[in-house]
Amino acid sequence: MGRMSSSAGYRKLSFWLDTVPGTLTPGVRLDGDVDVDVAIAGAGYTGLWTAYYLSRAEPGLRIAVCEREIAGFGASGRNGGWCSALFPASLGKLARMAGRDAAIAMGRAMQETVDEVAAAAAAEGIDCHWAKGGTVMLARSPAQLDRATAEVAEAREFGFGSADLRLLTAAAAGEYAAATGVLGGTYTPHCAAIHPGRLVRGLAEAVRRRGVTVYERTPVTQILPGRLVTPTGTVRARHVIRATEGFTAQLPGERRTVVPVYSLMIATEPLPESAWAQIGLADRPTFGDLRHLIIYGQRTQDGRFAFGGRGAPYHLGSAIRPSFDRAPAVFTALRQTLAELFPALADAAVTHAWGGPIGVPRDWCASVGLDRSTGVGWAGGYVGDGVATTNLAGRTLADLVLGSDSGITRLPWVGHRSPRWEAEPLRWLGVNAGLQVMSWADRQEARTGRASRAAEFVGRYLGN
Ligand SMILES: Cc1cc2nc3c(=O)[nH]c(=O)nc-3n(C[C@H](O)[C@H](O)[C@H](O)COP(=O)(O)OP(=O)(O)OC[C@H]3O[C@@H](n4cnc5c(N)ncnc54)[C@H](O)[C@@H]3O)c2cc1C
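As a convention, each chain's residues are numbered from 1 in the sequence order in which they are written. Side-chain atom pairs in this predicted model are given and counted only at pLDDT of 80 or more, local residue features only at pLDDT of at least 70, and totals for whole chains, interfaces and linings cover all residues. Side-chain calculation: all heavy atoms of the structure are included, whereas hydrogens and water are not.

> Where do I start with the overall build of the protein in this structure?
Secondary structure counts use DSSP, requiring at least four H or I residues in a row for a helix and at least two E residues in a row for a strand, with both numbered from the N terminus. Looking only at helices and strands, one finds 13 helices and 20 strands in the protein. Seen along its three principal axes, the alpha-carbon backbone of the protein occupies a region of about 60 × 50 × 45 Å. Counting across all 464 residues of the protein, residues that qualify as buried make up 60%. Counting only contacts in the protein whose residues sit at least 6 apart along the sequence, the fraction spanning at least 24 positions is 76%. Only the protein chains shown count as cover for residues, and all accessible areas are computed by the Shrake-Rupley method using a 1.4 Å probe. For the protein, the accessible surface area stands at approximately 18000 Å², while carbon and sulfur atoms represent 54% of it. In the protein, the 49 positive side-chain charges and the 42 negative ones have mean positions that sit 4 Å from each other. Buried means the residue's accessible area, taken with a 1.4 Å probe over protein chains only, is under 20% of the maximum for its type, while exposed means over 50%, and partly exposed covers the values in between. Contacts were defined at the residue level, with two residues in contact if any of their heavy atoms lie within 4.5 Å. Charged residues are defined here as Lys and Arg on the positive side and Asp and Glu on the negative side; His and the ends of the chain fall outside this count. By convention, charge coordinates are those of NZ in Lys, CZ in Arg, CG in Asp, or CD in Glu.

> Explain the nonpolar core here, please?
Across soluble globular proteins, you tend to see nonpolar side chains buried next to one another. Remark: nonpolar core denotes a set of buried residues (Ala, Val, Leu, Ile, Met, Phe, Trp, Tyr, Cys) joined through side-chain atoms within 4.5 Å. Residues Leu 48, Trp 49, Phe 87, Leu 199 and Trp 413 are the most contacted members of the largest nonpolar core, which totals 65 residues. Examining the composition of this core, we find that nine residues originate from one element, helix H5 (residues 100–123), more than from any other. Here Trp 49 is in contact with Val 117, Ala 120, Leu 199, Leu 203, Thr 390, Asn 391 and Gly 394, once residues within four sequence places are set aside. Counting residues in each nonpolar core, the second largest holds 41 residues, with Ala 177, Phe 247, Leu 271 and Ala 327 among its members.

> So what exactly am I meant to see when it comes to the sheet that holds strand E13 (residues 239–242) here?
Strand pairing in a sheet takes place through backbone hydrogen bonds and is either antiparallel or parallel in direction. Two strands qualify as a pair provided that DSSP identifies no fewer than 2 bridges between them. What the six strands build is an open sheet, ordered E9-E3-E2-E13-E20-E19; its pairing is mixed. The open sheet has two edge strands with one neighbour each: strand E9 (213–215) and strand E19 (367–371). Looking at each pair of strands side by side, their axes are set apart by 15° on average, direction ignored. Pairing of strand E2 (residues 38–41) with strand E3 (residues 63–66), which is carried by four bridges, proceeds in the parallel orientation. Bridging across to E3, Ala 41 finds its partner in Cys 66. Axes here mean lines fitted to C-alpha atoms, for a helix over just the part in contact, with angles spanning 0 to 180 degrees between N-to-C directions.

> Is there a simple way to think about the sheet that holds strand E10 (residues 222–224) in this case?
As summarised here, the arrangement of the four strands in space is E1-E12-E11-E10, forming an open sheet in which the pairing is mixed. Strands with a single pairing partner mark the edges of an open sheet, and in this sheet they are strand E1 (34–35) and E10. Bridging between strand E11 (residues 227–230) and strand E12 (residues 233–236) involves four bridges; their strand directions are antiparallel. Along E12, the bridge assignment pairs Thr 230 with Gly 233.

> What exactly am I supposed to notice about helix H3 (residues 45–57) here?
Structurally, the α-helix is built with 3.6 residues per turn, so residues lying three or four positions apart point the same way. Expected span of a helix: the number of residues minus one, times 1.5 Å. Between its terminal C-alpha atoms H3 stretches 18 Å, which fits the 18 Å expected from 13 residues at 1.5 Å a residue. In terms of burial, H3 is largely enclosed, as eleven of its 13 residues are buried. Those residues of H3 not exposed but buried are Tyr 45, Thr 46, Gly 47, Leu 48, Trp 49, Thr 50, Ala 51, Tyr 52, Tyr 53, Leu 54 and Ser 55.

> What is the right way to look at helix H4 (residues 91–98) in this model?
Within H4 the residues assigned to the buried category are Leu 91, Gly 92, Lys 93 and Leu 94. Considering only its buried residues, H4 is in contact with H5 and helix H6 (142–157). Following H4 by one or two positions, Gly 99 adopts a phi angle in the positive range, close to 100°.

> For this particular structure, what's the right way to read the site of the ligand?
Taken together, 36 residues lie around the ligand, and Thr 46, Glu 67, Ser 76, Val 220 and Gly 384 are the ones closest in. Here a polar contact is recorded for every N or O atom pair within 3.5 Å, except that within protein the pair must consist of a potential hydrogen donor and a potential acceptor, and residues adjacent in sequence are included only if both atoms are side-chain atoms. Within the side chain of Glu 67, an N or O atom sits 2.6 Å from an oxygen atom of the ligand. Val 220 places a polar main-chain atom, nitrogen or oxygen, 2.8 Å from a nitrogen atom of the ligand. Of all the elements in the fold, those that place two or more residues in the shell around the ligand are H3, strand E14 (258–268), strand E18 (350–361) and helix H11 (386–402). Looking at the shell around the ligand residue by residue, the class counts come to 16 nonpolar, 15 polar and five charged. Near is defined per residue: the residue qualifies when any heavy atom it owns lies within 4 Å of the molecule or strand. Polar here means any residue other than Ala, Val, Leu, Ile, Met, Phe, Trp, Tyr, Cys and Pro, which are nonpolar, and Asp, Glu, Lys and Arg, which are charged; Gly is therefore polar.

> Is there a simple way to explain the pattern of salt bridges in this structure?
In a structure, side chains of opposite charge can pair up when their charged atoms sit close to one another. When a carboxyl oxygen of Asp or Glu is within 4 Å of a side-chain nitrogen of Lys or Arg, the pair counts as a salt bridge. For the coordinates displayed, the defined rule picks out 21 salt bridges. Here Arg 208 makes a salt bridge to Glu 216, at a shortest N to O gap of 3.5 Å. Using a relative accessible area of 1% as the deciding quantity, one classes Glu 216 as buried. One salt bridge in this structure joins Asp 405 and Arg 410, with 2.7 Å as the shortest N-O distance. Neither residue differs from the other here; Asp 405 and Arg 410 are each classed as exposed. Salt bridges linked by common partners bring Arg 140, Asp 289, Arg 291 and Glu 340 together as one network.

> Where do I start with the packing of H3 against helix H8 (residues 196–209) in this structure?
Relative orientation and spacing of two packed helices are given, respectively, by the angle between their axes and the distance between those axes. Viewed as axis vectors pointing N to C, H3 and H8 meet at an angle of 35°, and their least axial separation amounts to 9 Å. Remark: the crossing between H3 and H8 carries left-handed chirality. Here Tyr 45, Leu 48, Trp 49, Ala 51 and Tyr 52 of H3 come into contact with H8, specifically with Pro 196, Leu 199, Val 200, Leu 203, Ala 204 and Val 207. Partitioned by chemical class, the residues of the contact of H3 with H8 number eleven nonpolar, no polar and no charged. The sense of a crossing depends on the near helix, which, turned anticlockwise from the far helix by less than a right angle, makes the crossing left-handed and, turned clockwise, makes it right-handed.

As structure tokens, then:
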């Protein structure tokens with residue numbers, strides 16, 4: 001990755017890293033063996049929030065983070081900036097896993113986590129362009145409207161009222177986001193739009209100020225009980241934490257833990273007020289619609305539309321390459337979808353296009369945990385919902401490492417073990433067939449307005 005490893009190269013990774021203040025020049029590399037109390041692999045939100053809460057709780061603790069590139073290189077520096085209470089496993093699924101009360105506790109903990117991100121960022125002086133405008137999800141076909149109704153009904157079953165999620169009429173949805181063909185939608189206040197690059201780079205600075213060492217350009221080749229092995233030295237520690245998310249499959253023994261699925265984004269030039277007057281999103285709510293193959297957008301603080309979606313192919317053997325971040329066909333499709341939703345954007349210039357891997361566990365349920373006997377901990381498998389969830393993971397790992405109990409260590413995702421993915425080529429066939437069926441089902445639904453049974457089937461196969 002030599003060609004990329006300069007500040008200018010890293011800026012090309014996303015609109016966010018391109019517009020983050022300060023330099024992206026890598027910091028010190030590990031040089032020789034060191035002894036610390038906690039060693040963390042990966043400087044995305046998971047690794048950095050873990051270091052942050054550990055150092056806050058015990059300022060004397062010696063903490064080292066080893067990052068292969070620079071802090072924020074992964075999904076944390078490239079995402080859609082929805083700091084939301086979404087958790088990848090539904091309430092119904094969590095209830096089946098751990099019971100109704102546990103599912104409700106998880107939902108409430110996620111809602112509190114959104115505000116905790118704001119509080120921690122404010123405490124550390126990180127201006128991440130926070131705007132808690134909620135999320136509006138548009139329904140643009142009868143099938144999507146049915147899904148909106150079902151989602152609200154599920155929330156009600158678990159005691160989440162209209163202050164948490166409500167159904168919108170076509171007119172009310174249109175007031176949030178004046179897209180074409182809107183039949184209705186849902187609205188939740190539990191989401192903020194943020195500049196994700198500012199958050200991750202600000203966090204790296206915050207932990208450094210607190211005495212944490214963040215080694216950059218330091219790849220971990222092995223995570224073992226008591227140590228992280230790198231080509232330039234070993235970090236020995238009582239506790240070691242894996243925070244490598246979409247890149248996890250590259251570590252020995254972890255090939256089938258999570259599958260890297262690519263999510264891709266585009267950002268437009270800053271749009272004039274006249275365009276925003278037609279589009280809406282006045283309080284910067286994050287926005288999507290209820291198609292199967294997820295799309296997501298936000299109005300950035302500087303007046304751009306940042307818009308993304310899944311649909312890029314999965315690569316055999318969970319391969320990850322810089323070229324996979326850019327799939328021209330997906331960028332074109334995103335551009336078209338945006339213009340179809342908001343015709344006012346048809347001529348807007350796209351200034352940035354990028355992508356990155358998210359980590360998908362076999363059962364689509366994120367998890368966090370610490371093996372007491374080995375001292376090895378982990379967190380990840382957030383699918384596309386990691387911006388807030390990583391904060392809860394960091395607080396949980398800090399509690400587990402320190403043996404403190406603030407209640408969150410009893411949430412149902414703690415200690416959960418997702419099954420492993422199938423071996424290749426079954427994994428490749430399964431994941432790509434799933435992606436194909438989802439996009440076929442969306443086209444079908446757009447044409448007929450009726451729900452696709454095939455997509456429901458795949459949803460069940462994926463365990464949702
Ligand atoms: C395009 C896109 C859009 C998204 N949109 C949203 C959204 O709007 N809302 C939301 O909630 N989530 C979203 N996500 C998901 C979210 O960004 C992630 O869940 C979250 O950032 C995960 O944080 P992390 O720290 O666990 O992983 P990452 O940020 O990926 O960090 C992992 C780090 O580990 C490093 N690393 C990996 N392997 C090694 C190794 N062997 N040695 C040393 N270092 C290593 C990597 O370089 C990387 O910096 C999106 C993701 C993408 C890609």
